[in-house]
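Analysis of the macromolecular model
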Amino acid sequence: MHDIQRIRKNAYLGILLTTLVLLLCVFFINETIITTTHEIKTLAPVVRIWPMAPFSVLCLPFLLSLTLLYIVKSIPCKPRIQTNIEGILIKSLILCFISALFCLLFLAPLQYKAMPKLGYTHCNLLQGHPSMYFSDWVKTPEWCVR
């Protein structure tokens, strides 16, 4: 009984943090994937790409299953239900790691091949460039002044 009370105390904080990270992932999906795709589609003058953006999409199942596991362990449900949700959690975590590797090994180099074909030039010197993890692409190479 003492263990269930401890789990329930931790579940409040766990569900809150997981929900916040889930909302952050949804924000990243909107800001990085949807906006960037629209900019590339409309051939915007400047496009900022974050190669790890698809990672946030594939983390959604992990975060949802983690929230569900907090709830199931707090109720307490049958061990079989908990085991099934833990299996989903482990599989979704593996999916997160695979997607991170895919983003780093394939999507980051792929943009250097695809973007010049669309008429963009790589430029990381624009004002407001956040970090080395983003890539800025410009239509007019003169905007990128060394």
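Below is a summary of the structure that appears in this document.

Some thoughts on the side chain of Ser56
With respect to the element layout, Ser56 can be found in helix 2 (residues 53–58). Polar side-chain contacts of Ser56 include one of 2.7 Å to the backbone oxygen of Ala53. Leaving out residues up to four positions away in the same chain, Ser56 has contacts with Cys25, Phe28 and Ile29.

Brief notes about the nonpolar core
Grouped together as the largest cluster of nonpolar side chains are twelve residues: Leu22, Cys25, Ile29, Cys59, Leu60, Phe62, Leu63, Leu69, Val72, Ile85, Leu89 and Cys96. The set of elements that each furnish at least two residues to this core consists of helix 1 (2–41), helix 3 (60–74) and helix 4 (79–114). In terms of residue count, the dominant contributor to this core is helix 3 (five residues). The residues touching Phe62, leaving out its near neighbours within four places in the chain, are Leu89, Ser92, Leu93 and Cys96. Core analysis: the next-biggest nonpolar cluster, separate from the first, contains six residues, Val47, Ile49, Met115 and Tyr120 among them.

Some thoughts on unusual backbone geometry
Its identity is not glycine, yet Leu43 carries a phi of approximately 55°, on the positive side. Assignment of secondary structure puts Leu43 in the loop between helix 1 and strand 1 (46–49). What makes Leu43 partly exposed here is its relative accessible area of 43%.

Points about the environment of Ser135
Relative to the elements of secondary structure, Ser135 occurs in strand 3 (residues 135–138). When the C-alpha atoms of Ser135 and Ser99 are compared, they prove to be 19 Å apart, with 36 residues separating the residues in sequence. A polar contact of 3.2 Å, which involves the side chain of Ser135, links it to the side chain of Gln111.

Section: a nonpolar patch on the surface
Side chains of Leu13, Leu16, Leu17, Leu20 and Leu23 sit close together on the surface and give an oily, nonpolar patch of about 500 Å² of accessible area. Position of Leu20 relative to the elements: it lies in helix 1.

Brief notes about the pattern of salt bridges
The full count for this structure, using the stated rule, is three salt bridges. One salt bridge connects Arg6 with Asp3, and the closest N-O pair in it is separated by 2.5 Å. Of this pair, Arg6 and Asp3 both sit in helix 1, separated by three residues, roughly a single helical turn. Overall, the relative accessible area of 40% leaves Asp3 in the partly exposed class. A salt bridge links Arg48 to Asp136; its shortest N-O distance comes to 2.6 Å.

Some details on the packing of aromatic side chains
Using the criterion set out here, one finds four aromatic pairs in the structure. Between Phe28 and Trp50, the aromatic rings sit 5.3 Å apart at their centres with planes inclined by 45°, giving tilted as the arrangement. Note that Phe28 is positioned in helix 1 and Trp50 in the loop between strand 1 and helix 2, a separation of 22 residues in sequence. In textbook terms, an aromatic cluster arises when at least three aromatic residues are bridged by ring pairs, as seen for Phe27, Phe28 and Trp50.

Quick word on the sheet that holds strand 1
Spatial ordering of the open sheet is given by 1-3-2, a layout of three strands whose pairing is antiparallel. Of all strands in the sheet, those with a lone pairing partner are strand 1 and strand 2 (121–122), marking the two edges. Packed on one face of the sheet, helix 4 meets strand 1, strand 2 and strand 3 and runs near 10° to strand 3.

Rules used throughout
- Residues numbered from 1 in each chain as written.
- Predicted model: local features only at pLDDT ≥ 70, side-chain atom pairs only at ≥ 80, totals over all residues.
- Heavy atoms only, no water.
- Helix = DSSP H or I, 4+ residues; strand = E, 2+ residues; numbered from the N terminus.
- Polar contact = N/O pair within 3.5 Å; in protein donor to acceptor, adjacent residues only side chain to side chain.
- Contact = heavy atoms within 4.5 Å.
- Core = buried A, V, L, I, M, F, W, Y, C linked by side-chain atoms within 4.5 Å.
- Buried < 20%, exposed > 50% of the residue type's maximum accessible area, 1.4 Å probe, protein only.
- Patch = residues over 30% accessible without salt bridge, like charges linked within 9 Å, V, L, I, M, F, W, Y side chains within 5 Å.
- Areas by Shrake-Rupley, 256 points an atom, 1.4 Å probe, with all protein chains shown as cover.
- Salt bridge = Lys/Arg side-chain N within 4 Å of Asp/Glu carboxyl O.
- Phe/Tyr/Trp six-rings, centres within 6.5 Å; stacked < 30°, edge-to-face > 60°.
- Pairing = 2+ DSSP bridges.
- Axes fitted to C-alpha atoms, helices over the stretch in contact; angles between N-to-C directions.

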